[in-house]
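Residue-level listing of the chains:
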Amino acid sequence: MDTAACPVKTVFKRELRSYFDSPIAYVFLVVFLMLTGFLTFSVSRLYEKGSADPWPFFFWHPWVYLIFVPAVSMRLWAEERRTGTLELLLTLPFTLTQAIIGKFLAAWAFLGIALGLTLTVPLSMVLLGGHPDAGVLLSGYLGSFGLAGALLAIGTWTSTLSRNQVVSFVLAVMLSVFLLLAGWPPITDLLARVAPPLAVRIISAFSFMPHYDSCLRGVLDLRDFAYFASVIVFMLTATHIVLENRKSA
Amino acid sequence: MLEAHSLNKWFDRIHAVKDVSFRVEQGEVLGFLGPNGAGKSTTMRMLTGFLTPSSGTARICGHDILAAPIEARKRIGYLPENAPVYDDMTVLGFLRFIAEARGLSGVAGTTHLRKAVELSHLDGVLNQPIDTLSKGFRQRVCLAQAILHDPPVLILDEPTDGLDPNQKHVVRTMIQSMAATKAIILSTHILEEVEAVCTRVLIIANGSLVANGTPASLKQQSEWAGAVDMTFPENTGDLTALFKGLASCKRVEKQTQRYLLFPHAPGRLPQETTALLSAHHLSPLAFSVTEGRLDEVFRTLTTPAGKTSKTP
Ligand SMILES: Nc1ncnc2c1ncn2[C@@H]1O[C@H](COP(=O)(O)OP(=O)(O)OP(=O)(O)O)[C@@H](O)[C@H]1O
Ligand SMILES: [Mg+2]
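Reading guide: rules and limits
- Residues numbered from 1 in each chain as written.
- Chains lettered and ligands numbered in written order.
- Predicted model: local features only at pLDDT ≥ 70, side-chain atom pairs only at ≥ 80, totals over all residues.
- Heavy atoms only, no water.
- Pairing = 2+ DSSP bridges.
- Helix = DSSP H or I, 4+ residues; strand = E, 2+ residues; numbered from the N terminus.
- Contact = heavy atoms within 4.5 Å.
- Axes fitted to C-alpha atoms, helices over the stretch in contact; angles between N-to-C directions.
- Parallel < 35°, antiparallel > 145°, perpendicular 65-115°, else oblique.
- Nonpolar A, V, L, I, M, F, W, Y, C, P; charged D, E, K, R; others polar.
- Buried area = accessible area lost by both parts, 1.4 Å probe.
- Salt bridge = Lys/Arg side-chain N within 4 Å of Asp/Glu carboxyl O.
- Donors = N, O, S within 2.8 Å, 3.2 Å for Na, K, Ca; no water.
- Domains from an automatic or database assignment.
- Near = heavy atom within 4 Å.
- Polar contact = N/O pair within 3.5 Å; in protein donor to acceptor, adjacent residues only side chain to side chain.
- Areas by Shrake-Rupley, 256 points an atom, 1.4 Å probe, with all protein chains shown as cover.

Novice: How should I be thinking about the sheet that holds strand S4 (residues 55-60) of chain B in this particular structure?
Specialist: Pairing between the strands of a sheet is mediated by backbone hydrogen bonds and can be parallel or antiparallel. Residue and element names in this part refer to chain B. Across the sheet, which stays open at both edges, the four strands sit in the order S2-S1-S4-S5 with antiparallel pairing between neighbours. The open sheet is flanked by strand S2 (14-24) and strand S5 (63-64), the only strands paired with a single partner. Pairing of S4 with S5, which is carried by two bridges, proceeds in the antiparallel orientation. Directly across from Ile-60, in S5, lies its bridge partner His-63. On the sheet, helix H1 (residues 40-47) packs against strand S1 (2-11), S2 and S4 and is oriented at approximately 115° with respect to S1.

Given below as structure tokens:
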């Protein structure tokens, strides 16, 4: 009568499989890929420029994530609670932390798969004769994956707040919009006109954008990833607190 | 094997479980009875670690549920109320997940899985997605999940709820077959089930334990235990006064020619009655001594009005 060799892995495997057991996962992946492709090629006219600059491609990721990530995260805990499987999951012989991490990693891996599929975009740049900078591509992808994780952690937390997935979706989008826009240059410029510089600095310090932007410039700065990691740890801790409180409420 | 010590649970201002203590040993099947909202599920949720007690604790095979929750949970098989299962998985996929979560992999996992599938009669539906199963099958999938790791303690919240009579029988037989080696707690609203499978009964009302004993001993508390039920021919006169004179007789109920004599306590009333009948050369058409009725004891213990209400 041992515990699972690795409870996180057990939860992770079940969760990730459950994405692919439903057709919605495939619809998600296709929509994600088409949306990124459409925004990159049609709106930013990447191919017309015959450019090798991956910046327009990565530019769109946060905005696609804004809808896509909450759509993935909204069911994480809300669904377990609605169907009652939460009672099953949380009475198995592993800790709440292990369950939270396992589920989070599965959703992140799913986003990673979606992101991996967009490799077709830089690939088509190469086919169209461009020579995108491999370093920028690498740091761009890592930054994008980190950003996805941070947004996902926010959605994980909001999905514990209600049984209703729509509520958890809307909350996640609202929080994400704030954290994305808070540091976006057009917004910080606008803020700078009305607010003291210190306030602007503080607000934008909470923002995802400066960290993501620095990844897009091809700078692999550990501090940016430490930032994403700390958002993830913070939001998952909040998730733990909500779920633990509900047990003793 | 399982000891609960003064478990209490508050939901805001609702005191859902009040100072509940009991023990269950190996070989016992404990029936947990109580009206809707009495606190049965809440108690089970505390034992299994889904809810944290507001105060009090419990030990599962010596492991404290608060100090060593993982060790305690490893020794419990739990069927939650309404049998929640992951709908999008197949039966086999789901049970494999549970086996892995229980640390049963490889050969051990397969052996345990086969055993659970066999006991729960799931062979025919192994590859079917759970959301295509009928309620009874879902219940059995969840039951298979609970017994998969052959736990020493089984906690079953309404295990036969929603099953057809045949399936109820299957589940009861299954519980009985496992009883010898386990400590089992089950909650139910079906009193026949208690008499059929339980070695001991706990009755809980408004969060408090109001009875703890064998089904037989509880039935002895019933007004009907050892009562005498007789029917006399049409032309017999009124015998009420005669029967009231019996030392052991508490009360007489008369319905045309049928007399029900209730004793102060089960025991001597039938002999006294037969002696009286032969002394007066009376011969009833029918004569029987009734058993105690669990439903009546249940009603008496769990409703404030039940204490004074007449028997049906
Ligand atoms: N999460 C909760 N929040 C607030 N109150 C709760 C919660 N869970 C249960 N209760 C209350 O606690 C009391 C006991 O509920 P419980 O589910 O334990 O009853 P039960 O004996 O299992 O009833 P039933 O026979 O209907 O299953 C009820 O009054 C219920 O409303
Ligand atoms: Mg209940």
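There is more to say after this.
Novice: Where do I start with the packing of helix H5 (residues 135-147) of chain B against helix H6 (residues 165-179) of chain B in this structure?
Specialist: Working note: a packed helix pair is described by the angle between its axes plus the distance between those axes. All names here are of chain B. The geometry of H5 relative to H6 is characterised by a closest axis approach of 13 Å and an angle of 5° between their N-to-C directions. The orientation of H5 with respect to H6, classified from their angle, is roughly parallel. Residue-level inspection shows Arg-140, Leu-143 and Ile-147 of H5 in contact with H6, the latter providing Gln-167, Val-171, Met-174 and Met-178. Of the residues contributing to the contact of H5 with H6, the split by class is five nonpolar, one polar and one charged.

Novice: I tried to follow the interface of chain A and chain B on my own but got confused; where do I start?
Specialist: Counting from both sides, the interface comprises 29 residues of chain A and, opposite them, 30 residues of chain B. Buried surface at the junction of chain A and chain B, summed over both partners, amounts to about 2800 Å²; 60% is from carbon and sulfur atoms. Our enumeration of links across chain A and chain B arrives at two salt bridges. Between Lys-13 of chain A and Glu-100 of chain B there is a salt bridge; the shortest N-O distance is 3.0 Å.

Novice: Where do I start with the coordination of the magnesium ion (ligand 2) in this structure?
Specialist: Reference values for angles at a metal are 109.5 degrees in the four-donor tetrahedral case and 90 or 180 degrees in the six-donor octahedral case. All of the protein donors around the magnesium ion (ligand 2) are Ser-41 of chain B (OG) and Glu-81 of chain B (OE); their distances to the metal are 1.9 to 2.4 Å. Placement of the pair is Ser-41 of chain B in helix H1 and Glu-81 of chain B in the loop between strand S6 (76-79) and helix H3 (91-101), with a sequence separation of 40 residues.

Novice: How should I be thinking about the domain arrangement of chain B in this particular structure?
Specialist: Per the domain assignment, the segments of chain B are domain 1 (2-213) and domain 2 (228-290). Centre-to-centre, using C-alpha coordinates, domain 1 of chain B lies 46 Å away from domain 2 of chain B.

Novice: Honestly, the sheet that holds S6 of chain B in this entry has me stumped. Any pointers?
Specialist: Residue and element names in this part refer to chain B. Taken together, the six strands give an open sheet; going across it, the order is S6-S7-S8-S3-S9-S10, and neighbouring strands pair in mixed fashion. Edge positions in the sheet fall to S6 and strand S10 (208-213), since each of these pairs with one other strand and no more. In this sheet, neighbouring strand axes are inclined to one another by 15° on average, regardless of whether the strands run parallel or antiparallel. Two elements, S6 and strand S7 (residues 153-157), share four bridges in a ladder whose sense is parallel. Opposite Leu-79, over in S7, you have Leu-156 as the bridge partner. Packed onto the sheet, H6 meets strand S3 (29-33), S7 and strand S8 (183-187) and runs at close to 155° relative to S8.

Novice: Which parts of the structure should I look at to understand the site of ligand 1?
Specialist: All names here are of chain B. Residues in close proximity to ligand 1 total 13 residues, the closest being Gly-37, Lys-40, Ser-41, Thr-42 and Glu-81. Residue Gly-37 places a main-chain N or O atom 2.8 Å away from an oxygen atom belonging to ligand 1. Contact distances for ligand 1 include 2.6 Å between an oxygen atom and a side-chain N or O atom of Glu-81. Across the complex, the protein chains shield 65% of the 640 Å² of accessible surface that ligand 1 would expose by itself. Per-element accounting of the shell around ligand 1 gives the leading share, three residues, to H1. Among the residues making up the shell around ligand 1, the classes are represented as four nonpolar, six polar and three charged.

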